Amino acid sequence: MVKKGLWILLATFSMLIGLYPIIYFLIDRKFGLLNSKSVELLTNTFWNIGFYTHIVLGGIALFTGWIQFSPKMRNRRIKLHRKLGKVYVVAVLLSALAGIYIGFFATGGVVSSAGFICLGIIWFYTTLKAYLSIKNGEIVKHQKMMIYSYAACFAAVTLRIWLPVLIMIYGDFSKAYLVVAWLCWIPNLIVAYLITRKIADQ
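Reference entry: report on the structure contained in this document.

Conventions adopted
Each chain carries its own residue numbering, running from 1 in the written order of its sequence. With pLDDT at 70 or above as the cut-off, local features in this predicted model cover only qualifying residues; side-chain atom pairs require 80 or more to be listed or tallied, and sums for whole chains, interfaces and linings still use all residues. Processing note: side-chain calculations cover all non-hydrogen atoms of the structure and skip hydrogens and water entirely. Each helix corresponds to a stretch of at least 4 residues labelled H or I by DSSP, and each strand to a stretch of at least 2 residues labelled E; elements are numbered beginning at the N terminus. Only heavy atoms matter for contacts: two residues are in contact if any of them lie within 4.5 Å across the pair. Patches draw on residues past 30% relative accessible area with no salt bridge. Two like charges within 9 Å are joined, as are two nonpolar side chains (Val, Leu, Ile, Met, Phe, Trp, Tyr) within 5 Å. Where accessible areas are quoted, they stem from the Shrake-Rupley method and a 1.4 Å probe; at the residue level, only the protein chains shown are allowed to cover. By definition, a salt bridge exists where a carboxyl oxygen of Asp or Glu is found within 4 Å of a side-chain nitrogen of Lys or Arg. Charge counting follows a simple rule: Lys and Arg are positive, Asp and Glu are negative, and His as well as the terminal groups are ignored. Charged side chains are reduced to one point each, which is NZ for Lys, CZ for Arg, CG for Asp and CD for Glu. A simple rule labels every residue: compare its accessible area, found with a 1.4 Å probe on the protein chains alone, to the largest value its type can have, and call it buried under 20%, exposed over 50%, or partly exposed in between. Whether two aromatic rings pair depends on their centres lying within 6.5 Å, for rings of Phe, Tyr and Trp, where Trp uses its six-membered ring; planes under 30 degrees apart make the pair stacked, over 60 edge-to-face, and the rest tilted. Put simply, a nonpolar core is a bunch of buried Ala, Val, Leu, Ile, Met, Phe, Trp, Tyr and Cys residues held in one set by side-chain atoms that sit within 4.5 Å of each other. For helices, the fitted axis covers only the stretch in contact; all axes are lines through C-alpha atoms, and the angles between them, taken along N-to-C directions, range from 0 to 180 degrees. Roughly parallel refers to an angle under 35 degrees, roughly antiparallel to one over 145, roughly perpendicular to one between 65 and 115, and oblique to any angle outside these ranges. Here is the rule for handedness: rotate from the far helix to the near one, and if that takes an anticlockwise turn smaller than a right angle the crossing is left-handed, while a clockwise turn gives right-handed. Three residue categories are used. Nonpolar comprises Ala, Val, Leu, Ile, Met, Phe, Trp, Tyr, Cys and Pro, charged comprises Asp, Glu, Lys and Arg, and polar comprises the others, including Gly.

## Thoughts on the environment of Cys118
Here's step 1: Relative to the helices and strands, Cys118 resides in helix α7 (residues 110-135).
Here's step 2: Every residue in contact with Cys118, bar those within four places of it in the chain, is listed here: Trp182 and Trp185.

Given below as structure tokens:
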């Protein structure tokens, strides 16, 4: 029962935040995290390309990735699993690269930039490793790397959960953002590690 409840929460959050980037195309984007950005940065062409590439493809990865962990889907619809997997990998690799780039302009300077850049590198590496593993027939390694990859992907969700809490604790957005740049993904990877320990090596 608990496992089913957690699965429903994972799916719900993944789909909701996966669709979140649509908001930037429907209303004035000067809200939320972008309120802390300068007008100069918001009008920079290269930054905008990086930003929209990151959020749109990241949203696709988040929206499609969670279902890949369904044993029923993998066993009964393996072709769909592979097709969605390819969509996820392409979306992640491009989104991660864009995320690394815009990470250099993160609000808060070096501390927050380092947090998001590290996240982007880990997300890119684990996803690429997962893809190469399945191409080589290393199923268990593929499964483990995909768990780490989606844990990094899920940082988009945990950031939005932690940030309001941290703002209430610190009473200041800037201080909260410095912490959330790391807190949004490190605990996720710890959980991923605990999950992968249960997967026996072949």
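## Re a positive patch on the surface
Here's step 1: Together, Lys79, Arg82, Lys83, Lys86 and Lys135 make up a positively charged patch on the protein surface.
Here's step 2: When residues of the positive patch are assigned to their parent elements, the largest contribution, four residues, is made by helix α6 (residues 78-103).
Here's step 3: In this structure Lys86 comes out as exposed when scored by relative accessible area, which is 57%.

## Comments concerning the packing of aromatic side chains
Here's step 1: Tallying each qualifying case throughout the model produces eight aromatic pairs.
Here's step 2: Summarising the aromatic geometry, the rings of Phe116 and Tyr177 are spaced 5.5 Å apart at their centres and angled 45° between planes, so their arrangement reads as tilted. Pair noted here: Phe116 is in helix α7 and Tyr177 is in helix α10 (residues 173-183), with a separation of 61 residues, a long-range link. No difference in accessibility class separates Phe116 from Tyr177, as the two residues are buried.
Here's step 3: Relative to Tyr177, the ring of Phe173 lies with its centre 5.3 Å away and its plane at 20°, an arrangement referred to as stacked. With a gap of four residues between them, Phe173 and Tyr177 both fall in helix α10, about one helical turn apart.
Here's step 4: A relative accessible area of 24% places Phe173 in the partly exposed class.
Here's step 5: Among the aromatic side chains, those forming a connected cluster through ring pairs are Trp47, Phe51 and Tyr52.

## A look at the nonpolar core
A general feature of soluble globular proteins is that nonpolar side chains tend to end up buried together.
Here's step 1: Counting residues in hydrophobic clusters, the biggest one holds 36 residues, and the most contacted among them are Tyr88, Trp123 and Cys184.
Here's step 2: Among the elements that take part in this core, helix α8 (residues 139-153) stands out by supplying eight residues, more than any other.
Here's step 3: Sequence-distant contacts of Cys184, that is, excluding residues within four places in its chain, are made with Phe116, Leu119, Ala155, Thr158, Leu159 and Trp162.
Here's step 4: Leu41, Leu42, Phe51 and Ile102 belong to the second largest nonpolar core, which has seven residues in total.

## Topic: the packing of α8 against helix α11 (residues 186-196)
Here's step 1: In the contact formed by α8 and α11, the axes pass within 9 Å of each other and the chain directions differ by 160°. Judged on the interaxial angle alone, α11 and α8 are roughly antiparallel. The interaxial crossing formed by α8 with α11 has right-handed handedness. Only Asn188, Leu189, Ala192, Tyr193, Ile195 and Thr196 of α11 make contact with α8, whose side of the interface consists of Lys144, Ile147, Tyr148, Ala151 and Ala152.
Here's step 2: Partitioning the contact of α8 with α11 into residue classes produces eight nonpolar, two polar and one charged.

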